[in-house]
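Per-entry structural report
Chain by chain, the residues:
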Amino acid sequence: KHSRHKDTIAQIRRRFEGFSIANDWVLVSYNLPKHLLSQASQITPGMSSPSVVSLEKEGWVALSAMVRRKGYSNVIDRLSHLGATGIFVTELKHYRPGINAKTTAVRKSPSNLSVSTAVGHKPASPLQDPSRFTSSPGRSSGGGS
C-alpha cells in the first residue's frame, strides 16, 4: 500500500480508466435549431453537460456529447426525430476526466443507459427513458459497432 511509486501507479490507473471509458462511450455531434436545445440536452446530457457552439446559420447550434456506445443508434434516431441534422459519431481513443474526477459511477453503470441515468439522475421525460428503447428477447437493441 505504501509504494514509493504512488504517483506512477495513480497515473497508470488514470490511463487505464481513460482507455476503459473510451471503449464504452462515443462522441455524438449534431446541429439543430436553438429552440430545441433543452430537449436535445435531455437526450444527450453528456458527462456533465453537452458542449454547445453557436453556428453561423441564424438560430442554430452545434452540440457534442458523450453517449454510451451500446444503444447510440437509438440516440441518433431520437435526435433525428427531434429535428437534428448532420449527426455523426466519433470513436474515442482515450478519455481523461481529470485528476480529481470520479469515474466509478460512469464506468460501472449499465451499458444501455444514457449518461444522465448512469450518473444517477432520473429521466425527466418518456423521451429520455432508456427502457423505452430496449429490445425484446433475442433481438438486438440497435446501437453501433
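These notes cover the structure that comes with them. (Residues numbered from 1 in each chain as written. Predicted model: local features only at pLDDT ≥ 70, side-chain atom pairs only at ≥ 80, totals over all residues. Heavy atoms only, no water.)

With respect to the overall build of the protein
What counts is decided by this rule: Only runs of H or I of at least four residues qualify as helices and only runs of E of at least two qualify as strands under DSSP, and these elements are numbered from the N terminus. When a residue's accessible area, from a 1.4 Å probe over protein chains only, is under 20% of the maximum for its type it is buried; when over 50% it is exposed; and in between it is partly exposed. Between two residues, a contact is recorded if the distance between any of their heavy atoms is within 4.5 Å. Exposure was quantified through the Shrake-Rupley algorithm and a 1.4 Å probe, taking into account, for residues, occlusion by the shown protein chains and nothing else.
From N to C terminus, the protein includes 5 helices and 4 strands. The buried share of the protein, reckoned over its 145 residues, is 34%. Taking contacts inside the protein between residues at least 6 apart in sequence as the whole, the part at least 24 apart equals 72%. For the protein, the accessible area works out to roughly 9300 Å², and carbon and sulfur atoms hold 53% of it.

A look at helix α3 (residues 72–82)
The condition is simple: Throughout, the arc means that of the directions going from the helix axis to the C-beta atoms.
Every buried residue of α3 is listed here: Tyr-72, Asn-74, Val-75, Arg-78, Leu-79 and Leu-82. The buried residues of α3 occupy an angular sector of 155 degrees when projected down its axis, which confines them to one face. Where α3 is buried, its residues contact β1 (25–33), α2 (37–43), β3 (60–68) and β4 (85–91).

Some words on the nonpolar core
Selection criterion: Residues grouped as a nonpolar core are buried Ala, Val, Leu, Ile, Met, Phe, Trp, Tyr and Cys residues, joined through side-chain atoms within 4.5 Å.
Core analysis: the biggest nonpolar cluster contains 15 residues, and Tyr-30, Leu-32 and Leu-79 have the highest contact counts within it. Those elements that place two or more of their residues in this core are β1, α2, β3 and α3. Setting aside residues no more than four positions away along its own chain, Leu-79 makes contact with Val-28, Tyr-30, Ile-43, Thr-44, Ala-84 and Ile-87. Listed in part, the 5 residues of the second largest apolar core include Ala-22, Trp-25, Met-66 and Leu-92.

Topic: the sheet that holds β4
Condition: Only strands that DSSP links by at least two bridges are regarded as paired with each other. Lines fitted to C-alpha atoms define the axes here, with helix axes fitted over just the stretch in contact, and angles between the N-to-C directions of these axes take values from 0 to 180 degrees.
The 4 strands lie next to each other as β2-β3-β1-β4, forming an open sheet whose pairing is antiparallel. In the strand order of this sheet, the two ends are held by β2 (51–54) and β4, each with one partner. Neighbouring strand axes in the sheet, compared pairwise and without regard to direction, differ in orientation by 20 degrees on average. Those strands touched by helix α1 (residues 6–24) are β1 and β3, and its axis lies near 55 degrees from that of β1. Helix-sheet contacts for α3 involve β1, β3 and β4, and the interaxial angle to β4 is about 160 degrees.

Topic: the side chain of Ser-29
In plain terms, the rule: Within 3.5 Å is the distance limit for a polar contact, defined as a pair of N or O atoms, with the added protein rule that one can donate a hydrogen and the other accept it, and that residues adjacent in sequence qualify only through two side-chain atoms.
Within the fold, Ser-29 resides in strand β1. Here the side chain of Ser-29 touches Ser-64 through a polar contact of 2.8 Å, side chain to side chain. In this view, Ser-29 contacts Leu-63, Ser-64, Gly-86, Ile-87 and Phe-88; residues no more than four positions away in its chain are not counted.

Observations concerning the environment of Val-89
Inspection of the secondary structure assignment puts Val-89 in strand β4. For the pair Val-89 and Met-66, spaced 23 residues apart in sequence, the C-alpha separation works out to 9.6 Å. When near neighbours in sequence (up to four residues on either side) are disregarded, Val-89 contacts Val-26, Leu-27, Val-28, Tyr-72 and Ile-76.

As for the pairing of β2
Pairing between β2 and β3: 4 bridges, direction antiparallel. Note on β3: the bridge partner recorded for Val-53 is Ala-62. Once β2 ends, the chain turns through 5 residues before running back antiparallel as β3, passing Gly-59 with a positive phi of about 80 degrees.

A short note on α1
Basically, it comes down to this: A helix is expected to span 1.5 Å multiplied by its residue count minus one.
Here α1 spans 27 Å end to end across 19 residues, near enough to the 27 Å set by a 1.5 Å rise per residue. Among the residues making up α1, those that are buried are Arg-14, Glu-17, Gly-18, Ser-20, Ile-21 and Ala-22.

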